[in-house]
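Here is what each chain is made of, one letter per residue.
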Amino acid sequence: MKLIGITGGVGAGKSELLHYIEREFSAKIVLADELAHELMRPGTDCFAEIERAFAEEDLYAEDGGFDKMKLAEVIFSDPKKRERLNSIVHPAVKREILRLVANEREAGRYAYFILEAALLIEDGYDKICDELWYVDAKEEVRRKRLKENRGYSDEKIDGILRSQLLASEYKKSCSRVIENNGALTEAFGQIREAMR
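Described in the following lines is the structure provided in the data block. Sequence order sets the numbering: in each chain, residues are counted from 1 along the sequence as written. Side-chain atom pairs in this predicted model are given and counted only at pLDDT of 80 or more, local residue features only at pLDDT of at least 70, and totals for whole chains, interfaces and linings cover all residues. Side-chain metrics rest on all non-hydrogen atoms present in the structure, leaving aside hydrogens and water.

**Side note on the overall build of the chain**
Put simply, the rule reads: A run of H or I in DSSP counts as a helix once it spans at least four residues, and a run of E counts as a strand once it spans at least two, with each numbered from the N terminus. Here the globule rule reads 2.2 Å times residues to the power 0.38, and the radius of gyration is calculated from C-alpha atoms. Only protein chains enter the accessibility calculation, which uses a 1.4 Å probe; a residue is then buried when its area is under 20% of its type maximum, exposed when over 50%, and partly exposed in between. Contacts are assigned to residue pairs that have any heavy atoms within 4.5 Å of one another. In this description, accessible areas are obtained by the Shrake-Rupley approach with a 1.4 Å probe, and a residue is regarded as covered only by the protein chains that are shown.
Within the chain, the regular secondary structure consists of nine helices and five strands. In sequence order, the chain lays out its α and β elements as β-α-β-α-α-α-α-β-β-α-α-α-β-α. Compactness check: the chain gives a C-alpha radius of gyration of 18 Å against a globular reference of 16 Å for 196 residues, within 12% of the reference. In terms of overall dimensions, the chain has C-alpha extents of about 50 × 45 × 30 Å along its principal axes. Among the 196 residues that make up the chain, the fraction classed as buried is 42%. Taking contacts inside the chain between residues at least 6 apart in sequence as the whole, the part at least 24 apart equals 72%. Accessible surface for the chain amounts to roughly 11,300 Å². Of this, 47% is attributable to carbon and sulfur atoms.

Structure below.
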């Protein structure tokens, strides 16, 4: 089973490409962001650790879990708090990914294990993955997608783009670049080529 890490800037179209991979290939898809949310549910070690680290903050929703908006407000207003949260969540996610990969290798169900993560490079997944792929799209394409599909404002897009690595940094670290500027069929062709 080949372990492929996929990353790319917001609005690059990773979701569509992941759906295609899941449909067309023997692949287990894991989204690091979704995994992080699962690991932060009440009753988990991660939840308890965050509770202790942020005891002075009101981070809770009515259901007893974390309120995403409150959590985002706290961590994006203070880089030290963001760092503290990341130091709890990121290692937990990596441990869980390694566990899932080991389980799938043992089970032998899939030819590929695809991990999508925004911080693939920053969190050292190049040491774990067999290959890293970068989904690239021009900034104007990404902006258009984010406005049309998510209703983001220019200000919100500017903030997100500033917080991400430059495309040149991603390209330096990734063995394959999937260009996703035009028709999806073009990007699908690049994926078929890469999977050969």
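On we go from here.
**Details of the pattern of salt bridges**
Side-chain pairs of opposite charge can arise where the charged atoms are in close proximity. Quick note on the threshold: Each salt bridge in this description consists of a side-chain nitrogen of Lys or Arg and a carboxyl oxygen of Asp or Glu lying within 4 Å of one another.
Inspection of the entire model under this criterion finds 15 salt bridges. In this structure, arginine 109 and glutamate 104 form a salt bridge, with 3.0 Å as the shortest nitrogen-oxygen distance. For arginine 109, a relative accessible area of 53% gives the class exposed. Here aspartate 154 and lysine 147 are joined by a salt bridge, their closest N and O atoms 2.8 Å apart. On the accessibility criterion, aspartate 154 (35% relative accessible area) is partly exposed. In this structure, a network of salt bridges that share partners links the residues Glu139, Arg143, Lys147, Asp154 and Asp158.

**Looking at the state of the cysteines**
Our working definition: Put simply, a disulfide is two cysteine sulfurs that come within 2.5 Å.
Tallied over the entire structure, the rule returns zero disulfides. Of all cysteine sulfurs, the one in cysteine 129 lies closest to cysteine 46, which takes part in no disulfide; the gap is 20 Å.

**As for the nonpolar core**
One recurring pattern in soluble globular proteins: nonpolar side chains tend to sit buried together. Rules: Residues enter a nonpolar core if they are buried and are Ala, Val, Leu, Ile, Met, Phe, Trp, Tyr or Cys, with the set joined through side-chain atoms within 4.5 Å.
One finds Cys46, Ile50, Val89 and Val93 to be the most contacted residues of the largest nonpolar core, which totals 36 residues. Counting only elements with at least two residues in this core, the list comes to α2 (32-39), α3 (45-53), α4 (68-77), α5 (79-107), β3 (112-116) and β4 (131-136). Residues contacting valine 89, with those up to four places away along its chain left out, are Ala36, Met40, Cys46 and Ile50. Ile21, Ile29, Tyr112 and Ile191 belong to the second largest nonpolar core, which has 21 residues in total.

**A short note on helix α1 (residues 14-24)**
To be explicit about the condition: The arc refers to the directions leading from the helix axis to the C-beta atoms.
Turning to α1, its buried residues are Lys14, Leu17, Leu18, Tyr20 and Ile21. Down the axis of α1, the buried side of the element spans an arc of 155°, and every buried residue falls inside it. Packed against the buried residues of α1 are β1 (2-8), β2 (27-31), β3, β4, β5 (176-179) and α9 (184-195).

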